[in-house]
Amino acid sequence: LAFQSHFGQYFPDWRPEQDHKLSYSTKLGILLEASHEFDYARWLLGDAVVLNSHTKNTGTVGFDAEDMADVQLLFNNSISGNIHLNAVERNYSRWCTIIGTEGTLHWDYQGMGASFLGHEAKFYGISAPTDMYVEEISSFLKCVKEGTNPEVTGEDGLAALKLALDARARGFLNSNVEKVFRPVYTT
């Protein structure tokens, strides 16, 4: 029935061995840097369209582009979803919640587990991927060597990119509206 996900981490802590101000991420923005949330949301719920977006550059971590974004999506013409991304949160936080007719599934990357609350509460321990980039490259090389199809296709990547770019375009529009229609308070 509904989906919500959250990713946040203080950008200077992402790659501490590098000068974060020189990173390509500051030019890309959080929507393109943290597009994995769009990837797994589509994997779980199917195709999506961006209904609305609000993006912001807080000016706190040296991004030239947006460092915070809230995106409202519609999956398969029926499931509402929200994705929040930020590069300013001081602690690492990544989780998602799916609300269904039979219960609610919650996954927390830090908690390394998922829980289902329905007629019966259940906990499923899921270990965090420790070598996921090595596994991704190994899987890619195996596909090249054996001529098999990858689990995630170029079309999947393109669909996530289109969602991120659409969210950025809508966020830019909303940012302009916010400047034009800023409420005026009087005392």
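These lines cover the structure that appears in this document, whether it is placed above or below. (Residues numbered from 1 in each chain as written. Predicted model: local features only at pLDDT ≥ 70, side-chain atom pairs only at ≥ 80, totals over all residues. Heavy atoms only, no water.)

**A few points about a nonpolar patch on the surface**
So, step 1. On the surface, a cluster of nonpolar side chains totalling about 430 Å² of accessible area is made up of Ile-137, Phe-140, Leu-141 and Val-144.
So, step 2. Note on placement: Phe-140 falls in helix 4 (residues 132-146). (Patch = residues over 30% accessible without salt bridge, like charges linked within 9 Å, V, L, I, M, F, W, Y side chains within 5 Å. Areas by Shrake-Rupley, 256 points an atom, 1.4 Å probe, with all protein chains shown as cover. Salt bridge = Lys/Arg side-chain N within 4 Å of Asp/Glu carboxyl O. Helix = DSSP H or I, 4+ residues; strand = E, 2+ residues; numbered from the N terminus.)

**Considerations on helix 4**
So, step 1. The terminal C-alpha atoms of helix 4 lie 21 Å apart, and with 15 residues this matches the ideal 21 Å at 1.5 Å per residue to within 8%.
So, step 2. Directly beyond the C-terminal end of helix 4, a positive phi value near 70° is found at Gly-147. (Expected span 1.5 Å × (residues − 1).)

**Structural notes on the pairing of strand 5 (residues 93-99)**
So, step 1. Within strand 5, 5 of the 7 residues are buried, leaving the element largely enclosed by the surrounding structure.
So, step 2. Alignment of strand 1 (residues 2-8) against strand 5, held across 7 bridges, turns out to be antiparallel. Each bridged residue has a counterpart across the sheet, and for Phe-3 the counterpart in strand 5 is Ile-98.
So, step 3. Note: strand 5 against strand 6 (residues 103-108), 5 bridges, orientation antiparallel. Across the sheet, residue Thr-97 finds its bridge partner in strand 6, namely His-106. (Buried < 20%, exposed > 50% of the residue type's maximum accessible area, 1.4 Å probe, protein only. Pairing = 2+ DSSP bridges.)

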